[in-house]
Number of protein chains: 2
Amino acid sequence: MIRIIIAEDQLLLRGALAALLSLEDDIEVVAEANDGLEALKLIKLHKPNVLVTDIEMPKYSGIEVAQKLKRENSNIRILIVTTFARPGYLQRARDAGVTGYILKDTSSDELSQAVRTVASGGTVIAPELSQASWVLPDSLNDREREILRLAEAGKTNKQISKALNLTLGTVRNYLTEAMHKLGASNRIEAFRTARENGWL
Amino acid sequence: MIRIIIAEDQLLLRGALAALLSLEDDIEVVAEANDGLEALKLIKLHKPNVLVTDIEMPKYSGIEVAQKLKRENSNIRILIVTTFARPGYLQRARDAGVTGYILKDTSSDELSQAVRTVASGGTVIAPELSQASWVLPDSLNDREREILRLAEAGKTNKQISKALNLTLGTVRNYLTEAMHKLGASNRIEAFRTARENGWL
DNA sequence: TTTCATTGATGACATATGTCACTACATTTT
DNA sequence: AAAATGTAGTGACATATGTCATCAATGAAA
C-alpha cells in the first residue's frame with residue numbers, strides 16, 4: 001500500500017485529487033495539507049511514502065518543502081503536480097531531490113501511474129519539460145534576482161538602491177547586466193523572461 | 001435532473017469536477033470542454049441547463065463565452081469557477097449575464113450547492129468578492145487598456161506608438177492619464193494594478 | 001604571494017519616461 | 001447653434017533608465 005499526503009492550496013483540486021487517488025486499490029491518502037508548513041508537520045506525523053504537492057502555495061512552496069526534507073535526509077519520495085512548465089522550477093526541484101514532476105494538464109490515470117512510479121523509486125518528468133528549453137541556464141546571481149523582483153514590484157532604481165543599501169549606479173549596473181544575460185532590452189522584458197523561466 | 005457542461009482547460013481539475021458533480025443524484029454531466037470554442041459547440045449540441053466554466057482558457061475565455069451566449073439570447077445559466085478574485089472579472093461576468101461566480105478555493109459541497117442555486121435561477125457570488133467589487137471603478141478607456149497591455153509586454157513608448165498608429169507624445173499622455181486613474185507612479189505599477197483588478 | 005573572481009562604486013553619456021498646459025477636430029448633447 | 005465630450009497632437013521640461021569604461025576592496029585560488 002502506498003501511503004501519500006497531498007499538499008495543494010486550492011480546496012477544490014485538493015479534494016478532487018484525494019478522491020481520485022483514494023479510488024486506487026494500492027494508494028491510501030493519509031492526510032491533506034493546505035500549505036507547505038502544514039505539509040511538513042503532517043509528514044513528520046504520518047511518515048507517508050509519497051508527497052504529492054503543488055509548487056505555488058502559502059507558507060512554503062512545494063520546492064521549499066522538498067529542500068527542507070532533503071536537508072533532513074528524509075527518504076520520502078516527492079511528486080510535484082503544477083500548472084507551470086518552467087524549466088527553472090524543474091531544475092530546482094531536481095536539485096532538491098524531487099523525482100516526479102508532472103503538469104495539472106494530465107489525466108488522472110497518468111497521475112496515479114506517476115504516484116506508483118515515484119513510490120517505487122522511479123522518475124517521472126512531464127514530456128513538455130523533459131526535452132524542451134534546457135537551453136537557457138540560469139546565470140543570474142542573487143543580487144540580480146533581488147533587483148529584478150523589486151523592479152517587477154514597480155520600484156524605481158532609487159527605491160531599490162535604498163532597499164538594498166546599494167548605490168543608484170550599482171543598481172543600474174546590475175540591471176543592465178541582468179538584461180544582457182536575459183537578452184532583454186528593458187527591465188520589463190527582463191523580469192518577465194526571468195519569471196517565465198522560473199528564475200525568480 | 002440538472003444537465004451541465006464543464007469547461008476547464010486543466011485536465012486534472014476538469015476530470016475531478018466531472019467526477020465530483022456526477023456523484024450528485026440530481027446533476028448530470030453531459031459533456032466536457034477543453035476550451036471556450038469547444039464549450040460553445042457542445043452547448044449547441046447538448047442544450048444543457050448550466051455551464052460550469054473557468055475564466056482563463058484557450059480560444060475563448062469563460063467571460064467571452066458568456067458574452068456570446070447572451071448575444072444569442074441563450075437561456076443557459078452560467079457558473080464561473082475561477083482562481084481569481086478580481087473585481088473586474090466579476091463585473092464583466094455579471095454584465096454578461098453570469099449568475100454564479102465562485103472560487104476554486106471552495107469545497108465540493110459548496111460547488112454542487114452553487115450549481116443547484118444557479119440552475120434554479122438564483123445567484124451565487126463568492127463572499128470574497130461580494131463586498132470588494134465596488135472599491136475601485138474601472139475608469140480606463142480602450143486606448144489606455146491597449147497601451148497598458150503593450151507596456152506590460154515590455155514594449156517601449158515608441159514601439160507602442162507604431163503599433164497603434166499614434167504619436168509618441170500621445171502614447172505618453174495616455175499612459176500618464178492611466179497612471180493617474182490607477183494611483184500608480186510608473187507604468188509597472190499601473191499595469192500591475194490594472195491586471196490585479198481584472199481590467200486588462 | 002601573485003593572480004583571479006566577486007562585489008560594489010563612479011562618472012559621463014544618450015535615450016526613455018513622466019508631467020503639464022495648451023491646441024485641433026469631430027461627435028454628441030443640450 | 002452652442003456647449004460638452006472624446007480623441008489625438010505638440011512642445012517644453014525634469015527625472016529615470018540604460019550603457020560603458022574604469023576603478024577599488026575583498027577574499028579565494030594558483
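A brief report on the enclosed structure follows. (Residues numbered from 1 in each chain as written. Chains lettered and ligands numbered in written order. Predicted model: local features only at pLDDT ≥ 70, side-chain atom pairs only at ≥ 80, totals over all residues. Heavy atoms only, no water.)

### What to know about the overall build of chain A
Helix and strand content of chain A: ten helices and six strands. With the principal axes as the frame, chain A shows a C-alpha extent of 60 × 35 × 30 Å. Pairs at least 24 residues apart make up 62% of the contacts formed inside chain A by residues separated by at least 6 positions. With the model as given, the accessible surface of chain A reaches about 9500 Å², and the carbon-plus-sulfur share is 48%. In chain A, 26 side chains carry a positive charge and 26 a negative one; their mean positions are 10 Å apart. (Helix = DSSP H or I, 4+ residues; strand = E, 2+ residues; numbered from the N terminus. Contact = heavy atoms within 4.5 Å. Areas by Shrake-Rupley, 256 points an atom, 1.4 Å probe, with all protein chains shown as cover. Lys, Arg positive; Asp, Glu negative; His and termini not counted. Charge placed at Lys NZ, Arg CZ, Asp CG, Glu CD.)

### Describing the protein's contact with DNA strand C
In the vicinity of DNA strand C, 18 residues are found, and the nearest of them are Thr170(A), Tyr174(A), Arg172(B), Asn173(B) and Arg187(B). Considering the 4 Å shell around the protein, atoms of DNA strand C inside it are sugar or phosphate in 61% of instances. Between DNA strand C and Arg172(B), the relevant distance is 3.0 Å, taken from a base oxygen to a side-chain nitrogen or oxygen of the residue. Sorting the residues of the surface near DNA strand C by element identifies helix H9 (168-182) of chain A together with helix H8 (157-164) and helix H9 (168-182) of chain B as the ones contributing at least two each. (Near = heavy atom within 4 Å. Polar contact = N/O pair within 3.5 Å; in protein donor to acceptor, adjacent residues only side chain to side chain.)

### Quick word on the sheet that holds strand S1 (residues 2-7) of chain A
Residues and elements named next belong to chain A. Ordered in space as S2-S1-S3-S4-S5-S6, the six strands form an open sheet in which the pairing is parallel. What marks the edges here is a single partner per strand, and that holds for strand S2 (27-33) and strand S6 (124-125). Sheet contacts for helix H4 (residues 87-95): strand S4 (77-82), strand S5 (100-103) and S6; angle to S5, the most-contacted strand, approximately 155°. (Pairing = 2+ DSSP bridges. Axes fitted to C-alpha atoms, helices over the stretch in contact; angles between N-to-C directions.)

### Some thoughts on the pairing of strand S4 (residues 77-82) of chain B
Looking along a regular strand, one sees the side chains alternate between the two faces of the sheet. Residue and element names in this part refer to chain B. Counting buried positions over the six residues of S4 gives five, a clear majority of the element. In this sheet, S4 lies alongside strand S3 (residues 50-53) in parallel orientation, the contact comprising four bridges. Bridge pairing in S4 links leucine 51 to isoleucine 78. In terms of handedness, the path from S3 via helix H3 (residues 62-71) over to S4 forms a crossover that is right-handed. (Buried < 20%, exposed > 50% of the residue type's maximum accessible area, 1.4 Å probe, protein only. Right-handed = clockwise from strand over helix to strand, strands pointing away.)

### Digging into the protein's contact with DNA strand D
Taken together, 18 residues sit near DNA strand D, with Arg172(A), Asn173(A), Arg187(A), Thr170(B) and Tyr174(B) positioned nearest. The contact atoms of DNA strand D, taken as those within 4 Å of the protein, divide so that sugar and phosphate hold 58%. Here a phosphate oxygen of DNA strand D sits 2.8 Å away from a polar atom, N or O, in the side chain of Arg187(A). Separating a phosphate oxygen of DNA strand D from a side-chain N or O atom of Thr170(B) is a distance of 2.9 Å. If you list the elements that add at least two residues to the surface near DNA strand D, you get helix H8 (157-164) and H9 of chain A together with H9 of chain B. The residue inventory of the surface near DNA strand D, partitioned by class, reads three nonpolar, ten polar and five charged. (Nonpolar A, V, L, I, M, F, W, Y, C, P; charged D, E, K, R; others polar.)

Remember that the coordinates give geometry; whether it matters functionally is a separate question.
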